[in-house]
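As a plain string of letters, each chain reads:
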Amino acid sequence: MKIYTVGGAVRDQLLGLPVKDHDHVVVGATPEDMLRQGFRPVGKDFPVFLHPKTQEEYALARTERKTAPGYRGFVFHAAPDVTVEDDLVRRDLTINAIAQAEDGTLTDPFGGIQDIQNQVFRHVSDAFGEDPVRILRLARFAARFHTFTVAPATLALMRQMVLDGEVDALVAERVWQEVAKGLMEARPSRMLTVLQECGALARIMGEIQLSERLLQVIDHAAAQGLDLPVRFAALMLHVSKDAIEQLSERLRVPNECRELAVMAARELEQINGALDLHAEAVVSLCERCDGLRKPQRFAQLLQAVACDGLVTGDFPQAARLQGGLDAARAVNAGALAQGCTEPKRIPEVIHAARVAAVQAFLAQA
């Protein structure tokens, strides 16, 4: 039995980057061999085991065969006679198809080390074309390793996959999973441009119309280290409410991302013009956006809109609206409700008090 470290751990080590997770391939072993050594089985489709101490994943070397459209249409074969080279050939990119033995020896049958040095994403074999998730993964890697380029032959294969309808077979949750990861990388614009270049963007997120400005906005959000909901909202700022709802429904976008994106697109003009808003309009905006109950989301809303202006320093509109919200939230609504002799007028009384509080704040600002 021989054990190899494979995939991202080897790649990142060669790139001089911190290694977060280690994946291992075991050659020359059976599931029974692994169980005897205390490994715990976790794989559903093929034999994967957790190390009894480190809890890292160890998978038996395997081959695969395409049997149906989409990324689930595969039959896997694991046996002691499957070599490490047999296992590596089924991987997506050459930079991820390098194995390191326990003595440090590298097995690199497809030129992954050279492609790391040349900063190139290149598919290992035509098997890449059998799994549409690999298009999303490559685009996500482009957002992380943004100085890498896509090999012409790989881009041509990706385009053919789109034309063949492979992308249409993707499961919505998996699309969102990869897109969300890409948005959280250092240069999410690279993910979007790669998807556009191969034709996949129009199939999975056709509501988005890329422009140089939009690419700058989403990269600006990343540079500010903002949360995923804010980055998604920044991406969707100039998309209509109905289109955002449609995309979010189709990709099963989490509610916190969808709601913030819809709100930001709806209130973009109001927030950008906040310096000219009077107290009544500020309170109405805060109430409309549920800022009184969810001040943290309101702060995210202001962050998303600030990205549209590529603001790196102060965004005076945000300071004005945040201060207005704080003043409105300081009003003791409970006490006002108890002191009101006409129950039907309670909302009106509370609203008026909030307007007065915001007016006082604006007078001092």
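Residues numbered from 1 in each chain as written. Predicted model: local features only at pLDDT ≥ 70, side-chain atom pairs only at ≥ 80, totals over all residues. Heavy atoms only, no water.

**Student:** Mind showing me how you'd approach the overall build of the protein here?
**Tutor:** A count of helical and extended segments in the protein gives 18 helices and 11 strands. Oriented by its inertia axes, the alpha-carbon framework of the protein measures out at about 85 × 45 × 40 Å. If you take every contact in the protein between residues at least 6 apart in sequence, the share linking residues at least 24 apart comes to 66%. Surface accessibility of the protein: about 17300 Å² in total, with carbon and sulfur atoms responsible for 49%. Here the protein holds 40 positive side-chain charges and 48 negative ones, and the gap between their average locations is 3 Å. (Helix = DSSP H or I, 4+ residues; strand = E, 2+ residues; numbered from the N terminus. Contact = heavy atoms within 4.5 Å. Areas by Shrake-Rupley, 256 points an atom, 1.4 Å probe, with all protein chains shown as cover. Lys, Arg positive; Asp, Glu negative; His and termini not counted. Charge placed at Lys NZ, Arg CZ, Asp CG, Glu CD.)

**Student:** Please clarify how the packing of helix α14 (residues 279-288) against helix α16 (residues 316-329) should be interpreted in this entry.
**Tutor:** The description of two helices packed together rests on the angle between their axes and the distance between the axes. In the contact formed by α14 and α16, the axes pass within 10 Å of each other and the chain directions differ by 80 degrees. Between α14 and α16, the angle falls in the class roughly perpendicular. Where α14 abuts α16, its residues Val-282, Leu-285 and Cys-286 lie against Leu-321, Gly-324 and Leu-325. Looking at the contact of α14 with α16, its residues break down into 5 nonpolar, 1 polar and no charged. (Axes fitted to C-alpha atoms, helices over the stretch in contact; angles between N-to-C directions. Parallel < 35°, antiparallel > 145°, perpendicular 65-115°, else oblique. Nonpolar A, V, L, I, M, F, W, Y, C, P; charged D, E, K, R; others polar.)

**Student:** Can you walk me through the environment of Gln-177 in this structure?
**Tutor:** Mapped onto the elements of the fold, Gln-177 is located in helix α7 (residues 172-183). When its relative accessible area of 36% is taken as the criterion, Gln-177 is described as partly exposed. The spacing of Gln-177 and Arg-252 is 75 residues in sequence and 9.7 Å in space, taken between C-alpha atoms. (Buried < 20%, exposed > 50% of the residue type's maximum accessible area, 1.4 Å probe, protein only.)

**Student:** Is there a simple way to think about the pairing of strand β5 (residues 57-60) in this case?
**Tutor:** Two faces make up the sheet, and in a regular strand the side chains alternate between them. Pairing of strand β2 (residues 23-27) with β5, which is carried by 4 bridges, proceeds in the parallel orientation. Considered in β5, the bridge of Val-25 is made with Ala-59. Inspection of the sheet shows strand β4 (residues 48-50) paired to β5 by 3 bridges, in the antiparallel sense. Bridging from a neighbouring strand, Val-48 pairs with Ala-59 of β5. Counted along the chain from β4 to the antiparallel partner β5, the turn is 6 residues long, and its residue Gln-55 has a positive phi close to 65 degrees. (Pairing = 2+ DSSP bridges.)

**Student:** Looking at this structure, how should I read the sheet that holds β5?
**Tutor:** Sheet strands pair via backbone hydrogen bonds, and the direction of the pair is either parallel or antiparallel. An order of β3-β4-β5-β2-β1-β8-β9 is seen for the 7 strands of this open sheet, with the pairing classed as mixed. The sheet is open, and its two edges are formed by β3 (40-41) and β9 (106-107), each paired on a single side.

**Student:** Is there a simple way to think about the packing of aromatic side chains in this case?
**Tutor:** Aromatic rings considered in pairs are described by the distance between their centres and by the relative angle of their planes. All told, the structure shown has 5 aromatic pairs when counted by the stated rule. Ring centres 6.3 Å apart and planes at 25 degrees place the aromatic pair Phe-141 and Phe-145 in the stacked group. On the numbers, 5.6 Å between centres and 45 degrees between planes, the contact of Phe-145 with Phe-148 is tilted. Phe-148 matches Phe-145 in its accessibility class, with the two residues each being buried. (Phe/Tyr/Trp six-rings, centres within 6.5 Å; stacked < 30°, edge-to-face > 60°.)

**Student:** Got a minute to help me understand the domain arrangement of the protein in this structure?
**Tutor:** Accessible area lost upon the coming together of the parts serves often as the stated size of an interface. Domain boundaries assigned for the protein yield domain 1 (1-111) and domain 2 (269-363). Computed over C-alpha atoms only, the centres of domain 1 and domain 2 are separated by 54 Å. (Domains from an automatic or database assignment.)

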